[in-house]
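# Report on the structure
The residues making up each chain are set out below.
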Amino acid sequence: MPLVDMRDMLQHAYQNNYAIGGFGLVSLDFLEAIIMAAECCRSPVIINLSQPLFGEHDFRLILPAVERAAQLAKVPVAIHFDHAKQHESIVQAINLGCNSVMLDVSSEAFTVNIAQTSRATEIAHASGAAIEGMLGFVGGTEGENAINHLGEIIYTSAEEAKVYVNRTKVDSLAVSIGTVHGRQSNRAKLDFKRLKRINDELGIPLVLHGGSGLIEDQYHKLILNGVAKINCYTELSDIAAATIRSNVQTRAKKGYIETMHDVKNNLLEQVSLCMHHWGSAGRAAEVLIQCRVWQPVEQIIAYNVEERYLQHIDTFIERSRETLCAIPGVRQVFAGWALIASDQYHLCWRIQFATTDASKNFQTHAEYLAFIEQLARISEPDKINITFAATSVEPNPRIEEIRISPAQHI
């Protein structure tokens, strides 16, 4: 089953009173365990890549593996970039394969949060990606992720939440109702009345951060009051760490593989338990029917360069590639010469987009229009500009072909 739009996925959960796990990962063991658990439970699943957890690693290295695992999965998967710190990180995450993002400015003043999140929404929606907002502050107490969220809890106000969602246009909202990032020191006291008021005011999927360590009855009440996504990392991290410590103590002359023995299996067991507790188990088929596919799109531009401009073409290609790659929703830009000489179309550009929406936004982007204008000046009149939808997803893709002359802009 393909990657799917997380907006559709969460809407289905919200309307049918269950929650989908947003499981955090930091390694391939986590990735494999989460996907395997989802397939065993026939559950939709969200892979959470949290920017603060990758302080010592480059998430660009693991994201291709996450995307490939999602594409090969037998259940619907969405890839979410959590707790982004800058707008540039959101652009990069979408361009690398995430189809949902969250800008964490929850510690800022209300007006600043609205302004910054509104800009993030424009970036995400222009690329076809979902966006999660956050209002209130979910602090941290104990655990390796807690240090990234130090500070006192600030509860979400239902009145402010309504204004916030109306102005920012976020697709889902993370709320603060008593949970904490990291370990729960005691049984968390959750403000269900507050949550109900928020849900009644908004009518959109709500997200729970600090979802580790609650009991089944609490999860049930959360879901009945609008929570459609529950983030879970600390519980998984503690299970992996405990398994490794046990292996170190019991296995002589340990190597790395022996030290990691059973980590994946123990993670799989816990993720499966969460899916059953949260009601997502067995929902994969109906979710897929309701969800739009995260459909890749590619644009091909083929042309010949006028001979007098050939000595400058390499500089033009390099500058244009760098500029186009920075546009939200542009996955990859390739420019190359034909290997076999011919009279037509010596040079080709292949621009890969995250979605059809990203492709449409690209066609009107100022940097792209400037690129096309310059291309028209240095190239011969007859060009081909075609946008393709992936045939593996769409059996009969709509193909648009445009031939442009130097006087035309696309």
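Everything below is about the structure printed above this text.
Criteria and cut-off values
Residues numbered from 1 in each chain as written. Predicted model: local features only at pLDDT ≥ 70, side-chain atom pairs only at ≥ 80, totals over all residues. Heavy atoms only, no water. Helix = DSSP H or I, 4+ residues; strand = E, 2+ residues; numbered from the N terminus. Buried < 20%, exposed > 50% of the residue type's maximum accessible area, 1.4 Å probe, protein only. Areas by Shrake-Rupley, 256 points an atom, 1.4 Å probe, with all protein chains shown as cover. Pairing = 2+ DSSP bridges. Axes fitted to C-alpha atoms, helices over the stretch in contact; angles between N-to-C directions. Polar contact = N/O pair within 3.5 Å; in protein donor to acceptor, adjacent residues only side chain to side chain. Parallel < 35°, antiparallel > 145°, perpendicular 65-115°, else oblique. Left-handed = near helix turned anticlockwise from the far one by under 90°. Contact = heavy atoms within 4.5 Å. Nonpolar A, V, L, I, M, F, W, Y, C, P; charged D, E, K, R; others polar.

Moving on, we come to the overall build of the protein. Looking only at helices and strands, the protein has 15 helices and 13 strands in total. When each of the 410 residues of the protein is scored for burial, the buried share is 53%. Carbon together with sulfur atoms contributes 51% to the accessible area of the protein, which is approximately 18,700 Å² in total.

Strand order in the closed barrel formed by eight strands is 1-2-3-4-5-6-7-8, and the pairing between neighbours is parallel. Strand after strand, the sheet turns through a mean of 25 degrees between neighbouring axes, direction not considered. Here strand 1 (residues 20-24) runs beside strand 8 (residues 227-232); their pairing, made up of four bridges, is parallel. From the neighbouring strand, Gly21 faces strand 8, where its bridge partner is Ile230.

This brings us to the side chain of Gln363. When you line up the elements, Gln363 lands in helix 14 (residues 356-363). The exposure class of Gln363 is buried, given its relative accessible area of 17%. Within the local environment of Gln363, its side chain forms a polar contact with the side chain of Gln299, the two groups lying 2.8 Å apart.

At a closest axis distance of 10 Å, the pairing of helix 13 (residues 313-325) and helix 15 (residues 366-378) adopts a crossing angle of 165 degrees. It follows from the interaxial angle that helix 13 and helix 15 lie roughly antiparallel. Both helix 13 and helix 15 take part in a crossing whose hand is left-handed. Here Ile313, Phe316, Ser320, Thr323 and Leu324 of helix 13 lie close against helix 15, whose contacting residues are Glu367, Tyr368, Phe371, Gln374, Leu375 and Ile378. Across the contact of helix 13 with helix 15, the residue classes tally to seven nonpolar, three polar and one charged.

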